[in-house]
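Letter by letter, the chains look like this.
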Amino acid sequence: MPPFPFSAIVGQDEMRQALLIAAVDPAVGGVLVFGDRGTGKSTAIRALAALLPPMNAVAGCPYNCDPASPADLCPHCAEGGPRKAQKKPVPVVDLPLGATEDRVVGTLDLERALGAGVKAFEPGLLARANRGFLYIDEVNLLEDHLVDLLLDVAASGVNTVEREGLSLRHPARFVLVGSGNPEEGELRPQLLDRFGLACEVATPTDIATRIAVVRARDAYERDPDAFCAAHAKEDTAIRKRIEAARKRLPAVTVPDAALEQAARLCLALGTDGLRGELTLMRTARALAALDGAGTVTDDHLRRIAPAALRHRLRRNPLDESGSTVRVERALAEVFA
Amino acid sequence: MTTAGEPERIWADALLALRLLAQDPHGLGGIVVRAGPGPVRDAWIERLRDALGPERPFRRMPPGIGDEGLLGGLDLAATLSAGRPVTRTGLLAAADGGVIVVPMAERLEPGTAARLAAALDTGRAGPEGASARFGLVLLDEGRDDEAAPVALADRLAFRIDLDSVPPRVALTEGRAVEEPEVEEADPVAMLCSLASAFGIASPRAPILALRVARALATDNAAVTAARLVLAPRAERLPEPPPPPEAPPENEREETPPGQGEEREPAPPEDVVLDAVRAAIPPRLLDLLLAGGLRRSDARAGRGGRPEAVSRTGRPVGHRPGDPRRGRLDLLATLRAAAPWQRLRQGEGRLAIRRDDLRIRKLRRRVETTTVFCVDASGSAALERLAEAKGAVEALLAEAYVRRDRVALVAFRGTGADLVLPPTRSLTRAKRGLAGLPGGGGTPLASGLDAALTVALGVRRGGGNAVVVVLTDGRANVARDGAGGRARAGDEALQAARALRQAGLPALVVDTGARGGGAKAMAEAMAARYLALPRLDSGAIGAAVKAIR
């Protein structure tokens, strides 16, 4: 069954925008999606990955290395030998709840250790996710130390393994997408802050949208191929938009006025550190690139600010108003 | 009027559900069967096995199954004795095309539930992505607050409750429900508006109902599907046409913003609404009639208890075990294997057997849950209550950073309520606190009993619990809800002694102006006593830290 087409997803505009931005510039640092069950979070990520152009990878490399990238980063390609290219779909790797650190980071290959007496590394989920997406459902229930580790690898793009007598580094660049329901426990503020974008998804409340969701799903299930064919054109348009944006991104400029606005916004909200400003700039640039614009404008800032900042506000347990409201208040002030 | 309460009809629907599931196990996801073990449940399972036929797999999942069992992989024992890798197929892939029965689903570990959910979504399992298109039967024997994991139940089309079906009915075919005649213009619109009318938020519900309707392919299939799929998920009853009387004063805003308004387009026909309403399981109906599900009720029992053996934390030695369920301790494994090498006569290669494998024993910092037991009675005054709320919030904010948890029991009127089950969620805590009503008598004994239950639950889960009681100690309502100071006081002391017997660290904050009851209670509880006619969240915070 082909995956559900990205363009056929009903509503959830903020989540789709955030995912597109992450696809254009993976360095924005992960997307956090908070919301109800069954709102198509995992569908959207799979759909986006399926829509992206297949990538060139070294055949047989467990880390999906790009043949054009230097070989010395990857333990497989560094061994030398031919680096034959092969087209591969962009990987989406699920990190299940309760996964052990071994499974995530990789570990001693037990099979070969016991069978052949060879000390070899068995790559983990981080290796498989290289150049793709790592999706964690219920990230808020994940053990803290695992989340720490994931964010650290996501930020550096390298997984360093020092365990069971193994010592190696391998590339692990991926877009981290976490989802969860805040009712079941929250992430530590330190961790929240390290996600680039945070969006809230909710079950559509009006019947018309709900009907549209069910109809789309039903049409897809009854004849997946026809349904995908019907949306192929729109999907292609989105793919072209992403490809064009990736090309344009390095040339997108950020005028001083926009920088100043971003700083004022973060100041008004009292976000800690500079990560707020940096992410705001990065994501606004990616958004401008997606729009086909050459420079970042106030409009871009305004559209991305809620997702880029809402999870960076200092928590005040006695302030009843939600963080989205606070960001909007600050936006109204700064852009008055 | 609850015609569906009749066992014959419940049984007929249960049989219909199993026939549908047997037709398309993966498409419909499965069934949550809420029933105690017994002949009725056995009869139902037997019928499901018959409906599936001998050629399709029918597996029972062993409790506490690990990854290698579920997803497949290296068979350790066989590999070690053969000296070459031996793999085995996981349960999920082995059940492809058939059904997996999960006993004691209410105790399912979160990790296992997550893997099952992922396989249901993708139809694949294991490292090689083998086809695993199965249906799930969750046998839920939970009592009251325990239930099968919500994330999993949401993906399964059916929920049946067999507790009210007597064994003699299970020998019959039941009696099918007659569907009302409806002009069925558009099943999609009808199912969506029904889901909305019954307050069902997850979009999966109408999608599953639609699949059921298509599988039924009868006249009025959509009505039957709504009865089978939507009715057991109802979170509220649709508003009756004429508003009966003024809503009770303590009714709270439970609907998320935006859900209350504009549910206008095409209201479902009354006959259909009635048919679905009549199919709501009696137990659920009582809850809904009693003022609706509290969100916390609907979400209780999420995915079993934390694992007894921690997988994280600081290493404190090693123990024999499977390295895929923990972390291999290489040195200890070698040390265990070393003395046997000569006997085993490995040919130049180290001979390691399964029994030699050692994994690290880890100890995790144990979580502490502070159980607040708050007097919300009239004598404690509403103002006190607001201050108590402030203290709880302040402590929660602190606990949030340390990853500790907070729970809140409030007692007033004739009984005690668990307002906030153990949580570290600020969102949830705020909502629980905001809706806390005050006034009425002081059922101190009930409050202490409830706090004890919560604290023991926390302890069963492997955590520490401390109890903080905020009261003036003037008990005047007994456990059975009757008034009377003398008996209420005796019972309160009795409940306090039970807390001491459980060995729970406790703090009593006396909020009364004139001391008395609270002090004696603190002594009975062996608790620290803090006289605090003016509540001060800082002082409470310090005192809680002292007992912890």
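Residues numbered from 1 in each chain as written. Chains lettered and ligands numbered in written order. Predicted model: local features only at pLDDT ≥ 70, side-chain atom pairs only at ≥ 80, totals over all residues.

A.B. asks: Sorry, what's going on with the overall build of chain A here?
C.D. replies: Summing up its helical and strand segments, chain A has 13 helices and eleven strands in all. Taking the contacts inside chain A whose residues are at least 6 apart along the sequence as the reference set, 75% of them involve residues at least 24 apart. (Helix = DSSP H or I, 4+ residues; strand = E, 2+ residues; numbered from the N terminus. Contact = placed C-beta atoms within 7 Å.)

A.B. asks: Can you walk me through the sheet that holds strand β7 (residues 132-136) of chain A in this structure?
C.D. replies: Pairing between the strands of a sheet comes from backbone hydrogen bonds, and it takes one of two forms, parallel or antiparallel. All names here are of chain A. Taken in spatial order, the five strands line up as β4-β7-β10-β1-β11 in an open sheet, and their pairing is parallel. Two strands bound the open sheet, and with one partner strand each, they are β4 (92-95) and β11 (197-201). On average, adjacent strands in this sheet sit at an angle of 20 degrees to one another, irrespective of strand direction. In the sheet, strand β1 (residues 31-35) pairs with β11 via five bridges, with the strands oriented parallel. Bridge pairing links V33 to C199 in β11. In the packing of helix α1 (residues 13-24) onto the sheet, contacts are made with β1, β10 (174-180) and β11, and the angle to β11 comes to roughly 155 degrees. (Pairing = 2+ DSSP bridges. Axes fitted to C-alpha atoms, helices over the stretch in contact; angles between N-to-C directions.)

A.B. asks: Explain the nonpolar core here, please?
C.D. replies: As a rule of thumb, soluble globular proteins bury nonpolar side chains together. Residues and elements named next belong to chain B. Membership of the largest hydrophobic core comes to 188 residues, with the highest contact counts inside it found for L138, L191, A209, A226, V229 and L230. Element by element, the count of residues in this core is highest for helix α1 (residues 7-23), at ten residues. Within the second largest apolar cluster, 57 residues are counted, among which are L418, L444, A496 and L507. (Core = buried A, V, L, I, M, F, W, Y, C linked by C-beta atoms within 7 Å. Buried ≥ 20, exposed ≤ 12 C-beta atoms within 10 Å, placed from the backbone.)

A.B. asks: Any chance you could explain unusual backbone geometry here in plain terms?
C.D. replies: Trans is the prevailing form of peptide bonds, just as negative phi is the prevailing case for residues other than glycine. Unlike most non-glycine residues, R131(A) shows phi in positive territory, near 70 degrees. Looking at the element boundaries, R131(A) is found in the loop between α5 (125-128) and β7. On the basis of neighbour counts, which here come to 21 C-beta atoms within 10 Å, the residue R131(A) falls in the buried class. The phi dihedral of A217(B) falls on the positive side, at around 50 degrees, and the residue is not glycine. Note that A217(B) resides in the loop between α11 (204-216) and α12 (221-230).

A.B. asks: Quick question: what am I supposed to make of the environment of T471(B) here?
C.D. replies: Relative to the assigned elements, T471(B) resides in strand β15 (residues 464-471). Taking C-alpha positions, T471(B) is 6.4 Å from V509(B), a pair spaced 38 residues apart along the chain.

A.B. asks: Got a minute to help me understand the sheet that holds strand β9 (residues 158-161) of chain B in this structure?
C.D. replies: All names here are of chain B. Judged by pairing direction, the sheet is parallel, and its five strands sit side by side in the order β2-β5-β8-β1-β9 without closing on themselves. This sheet does not close on itself; its edge strands, each paired only once, are β2 (58-60) and β9. The average undirected angle you get between the axes of adjacent strands in this sheet is 15 degrees. Direction of pairing for strand β5 (residues 99-102) relative to strand β8 (residues 135-140): parallel, over a ladder of four bridges. Bridging across to β8, V101 finds its partner in V137. Where α1 meets the sheet, it contacts β1 (30-34), β8 and β9, and its direction lies at approximately 150 degrees from that of β9.

A.B. asks: Can you help me understand the confidence of the model for chain A in this one?
C.D. replies: Interpretation of the predicted coordinates at a detailed level should be avoided for regions scoring low in pLDDT. Residues at a pLDDT of 70 or more form 92% of chain A, whose mean pLDDT is 83. No element of chain A has a lower mean pLDDT than helix α4 (residues 110-116) of chain A, at 69, and none a higher one than helix α9 (residues 224-248) of chain A, at 92. (pLDDT = per-residue confidence, 0-100.)

A.B. asks: I tried to follow helix α6 (residues 144-156) of chain A on my own but got confused; where do I start?
C.D. replies: Side chains that are three or four residues apart share a direction in an α-helix, a result of its 3.6 residues per turn. Residues and elements named next belong to chain A. Across its 13 residues, α6 extends 18 Å between first and last C-alpha, which sits within 8% of the 18 Å expected from 1.5 Å per residue. L146, V147, L150, V153 and A154 are the residues of α6 that are buried. Along the axis of α6, the buried positions cluster into a sector of 130 degrees, meaning they face one direction only. G157 sits one or two residues past α6 and shows a positive phi near 80 degrees. (Expected span 1.5 Å × (residues − 1). Arc of directions from axis to C-beta.)

A.B. asks: Looking at this structure, how should I read the confidence of the model for chain B?
C.D. replies: Residue and element names in this part refer to chain B. Taken residue by residue, chain B gives an average pLDDT of 77. The fraction at 70 or more is 80%. Confidence drops under pLDDT 50 across residues 242-266; counting only partners more than four residues distant or on other chains, this segment forms 15 contacts. Throughout residues 292-309 the model reports pLDDT below 50, and contacts reaching past four residues in sequence, or to other chains, amount to 36 contacts. For this predicted complex, the interface score ipTM comes out at 0.77, while the overall pTM is 0.70.

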